[in-house]
Amino acid sequence: MEAALLQPELAAKIADLYGRMEQAYDLVARQLDFTCQGCPDNCCDSYFLHHTHVEWAYLWAGLMALDPARRQEIENRAAKYAAACAAALARGERPQVMCPLNEAGRCSLYLHRLMICRMHGVPSSLTFPNGKVQKFPGCFRCQEIVGDRQAVPTVERASLFRELVALEQELLGEQQGQRPKVKKSIAEMILAGPPRL
Ligand code: SF4
Ligand code: SF4
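For clarity, every value in this text was computed on a predicted model and none was experimentally measured.

Engineer: For the overall build of the chain, give the residues involved together with the corresponding values.
Structural biologist: Of regular secondary structure, the chain possesses seven helices and five strands. Reading the secondary structure of the chain in the N-to-C direction produces α-α-α-β-β-α-β-β-α-β-α-α. The C-alpha atoms of the chain give 17 Å as radius of gyration, which agrees with the globular expectation for 197 residues (16 Å, within 12%). In terms of overall dimensions, the chain has C-alpha extents of about 50 × 35 × 35 Å along its principal axes. The buried share among the 197 residues of the chain stands at 41%. Considering only contacts in the chain between residues 6 or more positions apart, those separated by 24 or more positions represent 79%. Of the roughly 11,400 Å² of accessible surface on the chain, a fraction of 54% belongs to carbon and sulfur atoms.

Dropping the structure here:
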């Protein structure tokens, strides 16, 4: 198995999808007059796991573009992050540790940040094929803005998810369905190196 380096065409497709996620987010944020400016919190310490090889590989495309010393700094922070998360999980707590890619409050790989980083914040929903809808209320600040409004602008995730799944299938090709499922924090993706396919 070799490290999965994204073909330029597939990298362009995920960049395009990420761009459209951002547009969908920005539209709802504008409708709510919501920004992150002045936030007393930084939600980059939220504990999320990620599930696709294609996002993992695209994250690594960003890491590979950094100079080795900078990448090493990030890897060192990722190791500390992973240890702190493991300790919290062993105590039965949900980890709350700053993402190793966050530097002075900002994302150091902004163009390569993962889907959940692009969705968290504003209200969103996920409509399943059976019609069931899962709702995500957005971050605490956005929830304060929404208050008890009845009609709330929302990002619908389903079509964006489907596109991401299609890109995952394109990357995996014949290995689809034969690979163990991905369930990794960003730090674990960094420490593991690019996905091996
Ligand atoms: S998404 Fe919400 S919690 Fe996160 S930085 Fe923005 S305002 Fe703050
Ligand atoms: S990848 Fe970037 S945006 Fe996402 S949690 Fe880490 S620092 Fe924040």
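Engineer: Tell me what's going on with the pairing of strand β3 (residues 124–127), and back it up with residues and numbers.
Structural biologist: In the case of a regular strand, side chains alternate between the two sheet surfaces. One ladder, built from four bridges, connects β3 with strand β4 (residues 133–136); its direction is antiparallel. Along β4, the bridge assignment pairs S124 with F136. Bridging between β3 and strand β5 (residues 155–156) involves two bridges; their strand directions are parallel. Following the sheet pairing, S125 is matched in β5 by E156.

Engineer: Which residues make up the packing of helix α2 (residues 53–64) against helix α6 (residues 158–172), and what are the values?
Structural biologist: Two numbers describe how α2 lies on α6: the axes approach to 8 Å, and their chain directions differ by 80°. Judged by the inter-axis angle, α2 sits roughly perpendicular to α6. On α6, the residues that touch H53, V54 and E55 of α2 are L164, L167, E168, L171 and L172. Of the residues belonging to the contact of α2 with α6, the class tally is five nonpolar, one polar and two charged.

Engineer: Kindly report on the packing of helix α1 (residues 8–32) against α6, identifying the contributing residues and their values.
Structural biologist: In contact at an axis separation of 11 Å, α1 and α6 are set at 170° when each is read in the N-to-C sense. One way to sum up the angle between α1 and α6 is to call them roughly antiparallel. On the side of α1, the interface is formed by L10, K13, I14, L17, R20 and M21, while α6 contributes L160, E163, L164, L167, E170 and L171. Taken together, the residues of the contact of α1 with α6 sort by class into eight nonpolar, no polar and four charged.

Conventions and cut-offs
- Residues numbered from 1 in each chain as written.
- Chains lettered and ligands numbered in written order.
- Predicted model: local features only at pLDDT ≥ 70, side-chain atom pairs only at ≥ 80, totals over all residues.
- Heavy atoms only, no water.
- Helix = DSSP H or I, 4+ residues; strand = E, 2+ residues; numbered from the N terminus.
- Rg over C-alpha atoms; globule rule 2.2 N^0.38 Å.
- Buried < 20%, exposed > 50% of the residue type's maximum accessible area, 1.4 Å probe, protein only.
- Contact = heavy atoms within 4.5 Å.
- Areas by Shrake-Rupley, 256 points an atom, 1.4 Å probe, with all protein chains shown as cover.
- Pairing = 2+ DSSP bridges.
- Axes fitted to C-alpha atoms, helices over the stretch in contact; angles between N-to-C directions.
- Parallel < 35°, antiparallel > 145°, perpendicular 65-115°, else oblique.
- Nonpolar A, V, L, I, M, F, W, Y, C, P; charged D, E, K, R; others polar.

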